[in-house]
Amino acid sequence: MSLANDYASVMARKGEIMKKSVGIDYGEFESGSIAFDYKKMMQETSYTLEEMQKIQLDAHVGNTPIIELRNLTALARKCAKPGFGARIFIKDEAANPSGSFKARRAANAVYHAKKLGFKGVLTATSGNYGAAVASQAAMAGLKCIVVQECYDSKGVGQPEIIEKARKCEALGAEVVQLSVGPELFYKFLLLLEETGYFNASLYTPFGIAGVETLGYETSIQFREKYGKDPDAIICTNAGGGNLTGTARGLEKAGATSTVIGASVNLSGLHMASDTQFNKKSFTTGHTGFGIPFSTWPDRSDVPRSAARPLRYMDRYVTVTQGCVFYITETLASLEGLEKGPAGNTSLAAAFSIAQEMPDDRFLLVQETEYTGAGKHIQPQLSFARENGIKLFFGDPKDEIPGENLVLPSHPSLIKATDVDLNRLRKSLIKAALNSVSAPPTPEDIRFLAEETRTDESFVRAAIEELEA
Amino acid sequence: MIKKGEWVLIRKTILEPHERAPQVPDDTKKVPLIMWVKGRLQADAQIGDIVEIITQTGRVEQGALLEANPTYRHSFGEFIPELLVIGDQVREILFGGDAK
């Protein structure tokens, strides 16, 4: 008997499809209320750091260089008060096989799929993760399908995503492209059912643990070369996996670096809007993912996301689109390094945050991404102009996402703006309370304190505030 | 006429406007969810015909035939002169006037 394929029927089969395609019974970690056993999930379903290093070494992933950006640091010091301007470094993750840190997540997922005997892997992503899975699948001899949200309903595509599709196809993957809308997940479930492939989700324990090597490796490289860990590390934050994995890796190395998340500010633009889709110049690394995935990680494509950024974030900042474009051009002009803009989100934040830090401190931006046609400041700014976005020099404070792009008229105007973490924490607590009908148990309170990196009194006060 | 076996791009409606998810914003609810996918054409056809293809992973898909040998047309876009201004500005601030 064939199954009903309408939206509601397919979504109702989600749990069953997921269990089969990820090979994890998430029910084992559930408490029956808000709390679930995150530590147990990460321990029992993942690999040890040593195993991951071996998997990634075999797949030519990792051991990427750390580059000190001396000229960019000097420029930041020109904008800072005397004695300030931390040394800025980047970890050149573009040197991975598929051109981004996502190769780390994909290496683990594809290794795991092959070990479990799956014939192919499927992933839903419009980002660099698609090419990463395609690349690893090519090496492992597995089939690969990448499902992308790429075009508006008129068939006009984001140049950055079109390039990512080309790269996936170049690496032998099938690319299924969709117009705007969250029902991408519906088509994704149908494809999982049809093919029986492994769900190489970005949010499984193996995917997130794959990034732990990045944090660990960074700490070891710094200690070898400079005799200490970086004082602060900035991670571009979207779905939360980059920050979560990096922070967990740093913890495993015993590093106590401050972990800062950074997203491009796209406030005011609705991510599921067909008419606003092509009004933005960033398709990842932005607040449209960063904020909702921080405050409710379980909105992802697995029942329990392993990416839980509020557990690890010391600070969260936003930067404007214009500032990221400016810093991308500056990186090319002053450092001779041409990289993709989205990966430079945290670099724009670093340029500002370095100025708050004394000049003997080390500040690391933990990723870069590849660049090319479509995925480059030139075509992305050109596309913005074609879509009626006004581009001009001025104060980035005046940028309105979807209306204009303000290139800073001077680098001293590049500012990282702090997001109120307590507001996000309270929002997570609210979402958690709304997800169940019963009042929170003592275990739930403890869990929410861990989820928000606070304590039980913070959680209780937040609950009282919500009830008031 | 596009021959059987050629590499083609098709377009298919996955959800009609009235079938869309309840949470989508109003502008998105007015339009269908569309899919584009590539594969080998299974019978001779004309552009616009509803055809069957076999995709790269061996799946069968049906949809309207859009293009044979679909070409990547993304590029570096129109030149953006503002980028020259940024490069000149940061070199000027850091190295002074003659460093261009």
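Residues numbered from 1 in each chain as written. Chains lettered and ligands numbered in written order. Predicted model: local features only at pLDDT ≥ 70, side-chain atom pairs only at ≥ 80, totals over all residues.

**Q** With reference to specific residues and values, describe the overall build of chain B.
**A** Broken down by element type, chain B carries two helices and four strands. Helices (α) and strands (β) of chain B occur, in sequence order from the N terminus, as β-α-β-β-β-α. Expected size for 100 residues packed as a compact globule is a radius of gyration near 13 Å; at 23 Å, chain B overshoots this value by more than 25%. Once the C-alpha set of chain B is aligned to its principal axes, its extents read approximately 65 × 40 × 25 Å. The buried share of chain B, taken over its 100 residues, is 27%. (Helix = DSSP H or I, 4+ residues; strand = E, 2+ residues; numbered from the N terminus. Rg over C-alpha atoms; globule rule 2.2 N^0.38 Å. Buried ≥ 20, exposed ≤ 12 C-beta atoms within 10 Å, placed from the backbone.)

**Q** So what's going on with the nonpolar core? Which residues, and what values?
**A** All names here are of chain A. Ranked by size, the top nonpolar core spans 75 residues in total, and within it V110, V121 and V133 carry the most contacts. Here this core gets seven residues from one element, more than from any other, and that element is helix α6 (residues 102-115). Two domains each put at least three residues into this core: domain 1 (45-55 + 100-205) and domain 2 (60-97 + 206-418). If we skip the residues at most four places from it in the chain, V110 touches V121, V133, Q136, A137, A140, L142 and A200. (Core = buried A, V, L, I, M, F, W, Y, C linked by C-beta atoms within 7 Å. Domains from an automatic or database assignment. Contact = placed C-beta atoms within 7 Å.)

**Q** Now, about the domain arrangement of chain A: what can you tell me, with residues and values included?
**A** Residues and elements named next belong to chain A. In terms of domains, chain A is made up of domain 1 (45-55 + 100-205), domain 2 (60-97 + 206-418) and domain 3 (433-467). Spacing between the C-alpha centres of domain 1 and domain 2 amounts to 23 Å. Contacts between domain 1 and domain 2 engage 38 residues on the former and 43 residues on the latter. Looking at the side of domain 1 that touches domain 2, the elements with two or more residues in it are α4 (49-58), α6, α7 (128-140), α8 (159-170) and α9 (184-195). Among the elements that make up the side of domain 1 that touches domain 2, the one with the highest residue count is α6 (seven residues). Tallied by class, the residues present in the side of domain 1 that touches domain 2 amount to 19 nonpolar, 14 polar and five charged. (Nonpolar A, V, L, I, M, F, W, Y, C, P; charged D, E, K, R; others polar.)

**Q** I'd love a proper account of unusual backbone geometry, names of residues and values included.
**A** Residue and element names in this part refer to chain A. Of note, the phi angle at N63 is positive, near 55 degrees, even though the residue is not glycine. Structurally, N63 is set in the loop between α4 and β1 (66-68). Owing to 13 C-beta atoms within 10 Å, N63 belongs among the partly exposed residues under this scheme.

**Q** Got a sec to walk through the pairing of strand β4 (residues 143-151) of chain A? Specific residues and values, please.
**A** Residue and element names in this part refer to chain A. For β4, the tally of buried residues reaches nine of nine residues, placing the bulk of the element in the interior. Note that strand β3 (residues 120-124) and β4 share five bridges and pair parallel. The partner of G120 across the bridge, within β4, is K143. When β4 meets strand β5 (residues 174-179), the two strands line up parallel, connected through six bridges. The residue bridging V146 from the neighbouring strand is V175, located in β5. As a crossover connection, the stretch from β4 through α8 into β5 is right-handed. (Pairing = 2+ DSSP bridges. Right-handed = clockwise from strand over helix to strand, strands pointing away.)

**Q** Tell me about the packing of helix α2 (residues 14-22) of chain A against α9 of chain A, and name the residues and values.
**A** Residues and elements named next belong to chain A. Remark: α2 packs on α9, axes separated minimally by 10 Å, with the N-to-C direction vectors making an angle of 55 degrees. On the basis of their axis angle, the class for α2 and α9 is oblique. Crossing of α2 against α9: the hand is left-handed. Here K14, I17 and S21 of α2 come into contact with α9, specifically with L189, L192 and E193. (Axes fitted to C-alpha atoms, helices over the stretch in contact; angles between N-to-C directions. Parallel < 35°, antiparallel > 145°, perpendicular 65-115°, else oblique. Left-handed = near helix turned anticlockwise from the far one by under 90°.)

**Q** Can you tell me about the interface of chain B and chain A, naming the residues and giving the values?
**A** Contact with chain B, which involves 35 residues of that partner, is made by 49 residues of chain A. Listing elements by their share of the side of chain B that touches chain A, those giving two or more residues are β1 (7-15), α1 (26-29), β2 (33-41) and α2 (82-95) of chain B. Of all the elements, α2 of chain B adds the most residues to the side of chain B that touches chain A, at eight residues. Direction of pairing for β5 of chain A relative to β2 of chain B: antiparallel, over a ladder of two bridges. Its bridge partner lying in β2 of chain B, Q177 of chain A is registered against W36 of chain B.

**Q** If you had to explain helix α15 (residues 377-386) of chain A to someone new, which residues and values would you point to?
**A** Here α15 of chain A lies mainly inside the structure; seven of its ten residues are buried. Of the positions making up α15 of chain A, those classed as buried are I377, Q378, P379, Q380, L381, F383 and A384 of chain A. Buried residues in α15 of chain A make contact with α8, α13 (321-335), β11 (390-394) and β12 (404-408) of chain A together with α2 of chain B. Once α15 of chain A finishes, G388 of chain A follows within two positions and takes phi at roughly 80 degrees, a positive value.

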